[in-house]
Amino acid sequence: MSMEEEYTIDNNRWKMGTFKTLLFMLLILHSSVAGGAVYLKYKDPKQPLNVRINDLLHRMTLAEKIGQMSQIERATATAEAIKKHFIGSVLSGGGSVPAPRASAETWMNMITEMQKSALSTRLGIPIIYGIDAVHGHNNVYRATIFPHNIGLGATRDPALVRQIGAATALEVRATGIPYVFAPCVAVCRDPRWGRCYESYSEDPKVVEQMTEIIDGLQGTVPANSRKGVPFLAGRKNVAACAKHYVGDGGTYKGINENDTVIDLHGLLSIHMAPYYLAIIRGVSTVMVSYSSWNGVKMHANRRLVTDFLKNTLRFRGFVISDWQGIDKITTPPHANYSYSVTAGISAGIDMVMIPNDYTEFINDLTDQVESKIIPMSRIDDAARRILRVKFTMGLFENPFPDPSLVDQLGKQEHRELARDAVRRSLVLLKNGKSADAPVLPLPKKTGSILVTGSHADNLGYQCGGWTITWQGLGGNNLTIGTTIFEAIKATVDPTTQIVFSEDPDAGFLERNHFSYAVVVVGEQPYAETFGDNLNLTIPEPGPSLIRTVCGSIKCVVVVVSGRPLVIEPYVGVMDAVVAAWLPGSEGQGVADVIFGDYGFSGKLPRTWFRSVEQLPMNVGDRHYDPLFPYGFGLTTKPARAQQ
């Protein structure tokens, strides 16, 4: 055999061996894929965060990235929709529930099925489910309903608010939900605004202090953590959302979604102030406001969303739109949707709340990227931020609800916390017609007490908007709780006669010889634009009832409202006046203080005006002539000794 023939044979053997080796490796790879054992860096929790993000981002198609940017409503989030469009997030709008009075288990089952659909997609990216939990887990039957933010602002107690955040997180997790659209860190500068009760105070310093609720919701950021990076402590916490960025509480005449006309210094010192602390606390997301700043829609304001929030403040979570927020960039809404998509995404919005018509958004944004109207770098930034939050939350390791948390919903410990918050939120505006003759606390043991007024025995009214439904409801069947009337009955001595009459006439009062009357009046529930109010009077028959009852019986008037109301015309006839705000489900807290088990300690979180002609009027203004100034609040001591 010649050397040339030997070389040919050896070369063929080498080629055959190499071919067999490659074939063997391919078979192993195929076997690994079939068995789901392929190593993917993004699925390895031991890998650094940015390594995981980069690995996953590089694997994603444009469709998958835009899917992550899409948040759709629960009612439209079918398995097909989630799989086909790689949907990144689902939400419950106000009142959107899987079933009336749905149990925690029903909520968990719904989210589990949605998550299964998301995990079955090519890359298995979990969804993030979000819900409004603005005063407790307020969409859900049996949940603890805490006082609205205006009441919490009256407590001046950040530690209490942190506890409320932690309790809310547990109740939200009890239904399998890991993300809440809270807290609202608006600085309401005009009580005519229909969202003023969602604001802790007219004073940005108080709102800054109350951002401590983020620590309760998400857990406290470690001392050595990088500022601006989203944080979540564990599976008993939820991702938070600071809203509505920015200036939502400063609109002209308090008109919802209107224009905030203020210079840059004013914007930064008043309305931006709470966001600095929210970002330091590691807030995961920021929601953009419907409102405008000096004529520019916030949903289209690149200067404030990208240049300031993302670049100057170095916020590293994701920015989310409000409900159909990009539609409202134009007037009327949706008038030029392609423009709205361009403006909103270019401004720096990362996740878009497109509850129903999500395919239009997906198709439009896809076309704009493919046409190079919107650069791929902007899509990558949005997807990166969303993935950062999801990885930080541990969703890739624990995508499903935790059944062991079911019993946290409406837990008695949380109700006691809410009751304590009610006690501390009450502001005593008047106590007796002279300083040396206080009316409060009322004695538990007396002849008879009349309890009257539209809000005395109405759980829905005392909870306010954003309770079970978006606008709230009246009546006592919406959820579990204690009305103020029920609380009074449970508090007084068994020998004290309690009589309830919602709207008694003068004859009824004459026929009975009441020792005292507790008159509970105020606003009916509302939310957002439906609450905008240019006159701010107590609805009838409230004023007539005050005059009738307080004209003949020593009376305590309890005002249940989301803001100060006009009371100057009849404050003289009242013996005592209590601002109870919107106390929520635990009305027992009101009776605890009125009857002296606890003292009054709350301070006005906002100025109580004389008339609406004075508005807007805030502490520090040159012409400041309130009925009760910001920070006012009489105090009493517990009166247990007299019982």
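Residues numbered from 1 in each chain as written. Predicted model: local features only at pLDDT ≥ 70, side-chain atom pairs only at ≥ 80, totals over all residues. Heavy atoms only, no water.

The name an unreviewed UniProt entry gives the protein chain is Glycosyl hydrolase family 3 N terminal domain, with Musa troglodytarum as the organism.

1. So, the state of the cysteines
Evaluation of the coordinates by the stated rule reveals 2 disulfides. Cys188 shares a disulfide with Cys196; S-S distance 2.1 Å. Across the S-S bond linking Cys188 and Cys196, the dihedral sits near -105°, which makes this disulfide left-handed. Side by side, Cys188 and Cys196 carry an identical accessibility label, which is buried. Residue Cys550 pairs covalently with Cys555 via a disulfide, S to S 2.0 Å. The S-S bond linking Cys550 to Cys555 shows a torsion near 105°; that makes this disulfide right-handed. (Disulfide = S-S within 2.5 Å. Buried < 20%, exposed > 50% of the residue type's maximum accessible area, 1.4 Å probe, protein only.)

2. Let's talk about unusual backbone geometry
Residues Ala182 and Pro183 are joined by a peptide bond in cis, for which omega reads 10°. With respect to the secondary-structure elements, Pro183 resides in the loop between strand S4 (179–180) and helix H8 (204–210). Note the cis peptide between Leu440 and Pro441, where omega equals 0°. Relative to the helices and strands, Pro441 resides in the loop between strand S12 (427–431) and strand S13 (448–452). With phi around 55°, Trp466 is a residue other than glycine that occupies positive phi space. Given a relative accessible area of 4%, Trp466 falls into the buried group. (Helix = DSSP H or I, 4+ residues; strand = E, 2+ residues; numbered from the N terminus.)

3. Here's the deal with the sheet that holds strand S10 (residues 318–320)
One open sheet accounts for 3 strands, arranged S5-S7-S10; its pairing is parallel. At either end of the open sheet lies a strand with only one pairing partner, and these are strand S5 (241–245) and S10. Across this sheet, the average inter-strand angle for adjacent strands is 25°, counted without regard to direction. Relative to the sheet, helix H12 (residues 302–312) contacts S5, strand S7 (285–288) and S10, its axis offset from that of S5 by approximately 145°. (Pairing = 2+ DSSP bridges. Axes fitted to C-alpha atoms, helices over the stretch in contact; angles between N-to-C directions. Contact = heavy atoms within 4.5 Å.)

4. A closer look at the nonpolar core
One finds Tyr245, Val283, Leu304, Ile320, Phe361 and Leu365 to be the most contacted residues of the largest nonpolar core, which totals 107 residues. When sequence neighbours within four positions are dropped, the list of residues in contact with Leu304 reads Tyr245, Val246, Leu267, Met272, Trp293, Met298 and Leu309. Counting 74 residues, the second largest nonpolar core, distinct from the first, contains Val134, Ile538, Leu565 and Ala580. (Core = buried A, V, L, I, M, F, W, Y, C linked by side-chain atoms within 4.5 Å.)

5. Concerning the UniProt feature "domain: Glycoside hydrolase family 3 N-terminal" (unreviewed entry) in the protein chain
Under the present numbering, the feature "domain: Glycoside hydrolase family 3 N-terminal" (unreviewed entry) in UniProt falls on residues 61–389. Split by type, residues 61–389 is 40% helix and 10% strand. Its first and last C-alpha atoms lie 19 Å apart. (UniProt positions renumbered as here; feature names shortened; annotations may be inferred.)

6. Topic: the pairing of S12
If a strand is regular, its side chains alternate between the two faces of the sheet. Burial analysis of S12 places 5 of its 5 residues in the buried class, the great majority of the element. In the sheet, S12 pairs with strand S17 (residues 576–581) via 4 bridges, with the strands oriented antiparallel. For Val427, the partnering residue across the bridge sits in S17 and is Ala579.

7. Looking at the sheet that holds strand S6 (residues 259–260)
The 3 strands are arranged S6-S8-S9 in an open sheet whose pairing can be described as mixed. Unpaired on one side and paired on the other, S6 and strand S9 (296–297) mark the two borders of the sheet. Two elements, S6 and strand S8 (residues 292–293), share 2 bridges in a ladder whose sense is parallel. Bridging from a neighbouring strand, Thr260 pairs with Trp293 of S8.

8. Here's the deal with the packing of aromatic side chains
Here the structure, examined in full by the defined rule, presents 11 aromatic pairs. Residues Tyr42 and Phe396 carry aromatic rings whose centres are separated by 6.3 Å and whose planes lie at 80° to one another, so their mutual orientation is edge-to-face. Note that Tyr42 is positioned in the loop between helix H1 (3–34) and helix H2 (49–59) and Phe396 in the loop between helix H15 (376–393) and helix H16 (412–425), a separation of 354 residues in sequence. The class for Phe396 is buried, based on a relative accessible area of 16%. Ring geometry for Tyr179 and Phe318: centres 6.1 Å apart, planes at 75°, overall edge-to-face. Here Tyr179, found in strand S4, pairs with Phe318, found in strand S10; they are 139 residues apart in sequence, far enough to count as distant. Clustering of aromatic rings is evident, with ring pairs tying together Tyr42, Phe391 and Phe396. Lys328 extends its terminal NZ or CZ atom over the ring of Tyr290, reaching a point 4.2 Å from the ring centre. A cation sits over an aromatic face here: Arg423 above Tyr598, 4.0 Å from the ring centre. (Phe/Tyr/Trp six-rings, centres within 6.5 Å; stacked < 30°, edge-to-face > 60°. Lys NZ or Arg CZ within 6 Å of the ring centre and 35° of its normal.)

9. Things to note about the UniProt feature "domain: Glycoside hydrolase family 3 C-terminal" (unreviewed entry) in the protein chain
The feature "domain: Glycoside hydrolase family 3 C-terminal" (unreviewed entry), as given by UniProt, occupies residues 426–635 in the numbering adopted here. Split by type, residues 426–635 is 17% helix and 16% strand. Its first and last C-alpha atoms lie 10 Å apart.

10. Focus: the environment of Gly465
Along the polypeptide, Gly465 turns up in the loop between helix H17 (459–463) and helix H18 (484–491). Its relative accessible area of 1% is what places Gly465 among the buried residues. A sequence separation of 111 residues divides Gly465 from Ala576, and the C-alpha atoms of the two residues are 27 Å apart. Among residues more than four places away in sequence, those in contact with Gly465 are His135, His148, Tyr197, Trp470, Gln471, Gly472, Pro525 and Tyr526.

11. Describing the packing of H2 against H15
Look at H2 against H15: their axes get within 10 Å of each other, and the N-to-C directions meet at 130°. With respect to each other, H2 and H15 are oriented oblique. As for how H2 packs across H15, the hand of that crossing is right-handed. On H15, the residues touching Leu49, Asn50, Arg52, Ile53, Asn54, Leu56 and Leu57 of H2 are Asp380, Ala383, Arg384, Leu387, Arg388, Phe391 and Thr392. Within the contact of H2 with H15, the residues separate by chemical class into 7 nonpolar, 3 polar and 4 charged. (Parallel < 35°, antiparallel > 145°, perpendicular 65-115°, else oblique. Left-handed = near helix turned anticlockwise from the far one by under 90°. Nonpolar A, V, L, I, M, F, W, Y, C, P; charged D, E, K, R; others polar.)

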